[in-house]
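# Summary of the model geometry
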Amino acid sequence: MATMVTQGPWLKIASVSQPKSVAKSTELGFLTSQLSGVRISYGYSDVINCIALPSAPSLLQPIVARRICPFTGKKANRANKVSFSNHKTKKLQFVNLQYKKVWWEAGKRFVKLRLSTKALKTIEKNGLDAVAKEAGIDLRKK
């Protein structure tokens, strides 16, 4: 039987000796998430295959929408929060992203976009088609 121990982003397997009468295909490995405490069981061969793949840590992470404007490429800025005593702590200054319905003249319909306020001003100035073409975004998909 193999048990998995999580330490940081990497997984380690601690093997325990088994009697030779037990077939390896019936052995189970258990994986415990540090965030939710959920215990997931896999077959022994599945555990080894998941660890052998370089993308195994990404299988365990939730999918989260990134806070990046697709039109301008703006993303979060790392800054210091400075207290009265001049003590500096790290913080993130996120982009002002908004969900907006923008009229698309070529498609004769509204397109719902998640864009920064800077991109919204640029779209008002230059037009949606020009800004989307410059950013390489296909509006027909949305």
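Residues numbered from 1 in each chain as written. Predicted model: local features only at pLDDT ≥ 70, side-chain atom pairs only at ≥ 80, totals over all residues. Heavy atoms only, no water.

The name recorded for the chain in an unreviewed UniProt entry is Large ribosomal subunit protein bL28c, from Camelina sativa. Database annotation for the chain, UniProt heading Sequence similarities (unreviewed entry): "Belongs to the bacterial ribosomal protein bL28 family." (UniProt positions renumbered as here; feature names shortened; annotations may be inferred.)

## What about the pattern of salt bridges?
Taken as a whole and judged by the stated rule, the model has 2 salt bridges. Residues K108 and E105 are paired through a salt bridge, measuring 3.3 Å at the closest nitrogen-oxygen approach. For D138, the salt bridge identified is with R140, shortest N-O distance 3.2 Å. The exposure class of R140 is exposed, given its relative accessible area of 66%. (Salt bridge = Lys/Arg side-chain N within 4 Å of Asp/Glu carboxyl O. Buried < 20%, exposed > 50% of the residue type's maximum accessible area, 1.4 Å probe, protein only.)

## As for the nonpolar core
By size, the foremost hydrophobic cluster in this structure holds 16 residues, and its most contacted members are C69, F71, L113, L115, I123, L128 and L139. For this core, the secondary structure elements donating two or more residues are β7 (97-104), β8 (109-116), α3 (117-126) and α4 (128-135). (Core = buried A, V, L, I, M, F, W, Y, C linked by side-chain atoms within 4.5 Å. Helix = DSSP H or I, 4+ residues; strand = E, 2+ residues; numbered from the N terminus.)

## Things to note about the packing of α3 against α4
Axis angle and axis distance: for two packed helices, these are the angle between their axes and the distance between the axes, and together they describe the pair. Viewed as axis vectors pointing N to C, α3 and α4 meet at an angle of 120°, and their least axial separation amounts to 7 Å. By the criterion of interaxial angle, the relationship of α3 to α4 is oblique. On the side of α3, the interface is formed by T122, I123 and N126, while α4 contributes L128, A130 and V131. Considered class by class, the residues forming the contact of α3 with α4 number 4 nonpolar, 2 polar and no charged. (Axes fitted to C-alpha atoms, helices over the stretch in contact; angles between N-to-C directions. Parallel < 35°, antiparallel > 145°, perpendicular 65-115°, else oblique. Contact = heavy atoms within 4.5 Å. Nonpolar A, V, L, I, M, F, W, Y, C, P; charged D, E, K, R; others polar.)

## Focus on the pairing of β8
In the sheet, β7 pairs with β8 via 8 bridges, with the strands oriented antiparallel. Among the inter-strand pairings, W103 is bridged to a residue of β8, identified as F110. Turn length for the β7-β8 hairpin, with the two strands adjacent in sequence and antiparallel, is 4 residues, and the turn residue K108 shows positive phi of about 55°. (Pairing = 2+ DSSP bridges.)

## Brief notes about the environment of W103
Tracing the chain through its elements places W103 in strand β7. You can call W103 partly exposed: its relative accessible area is 39%. Between the alpha carbons of W103 and L128 there is a distance of 8.2 Å; along the sequence they are 25 residues apart. A distance of 2.9 Å separates a polar atom in the side chain of W103 from a polar atom in the side chain of E105. (Polar contact = N/O pair within 3.5 Å; in protein donor to acceptor, adjacent residues only side chain to side chain.)

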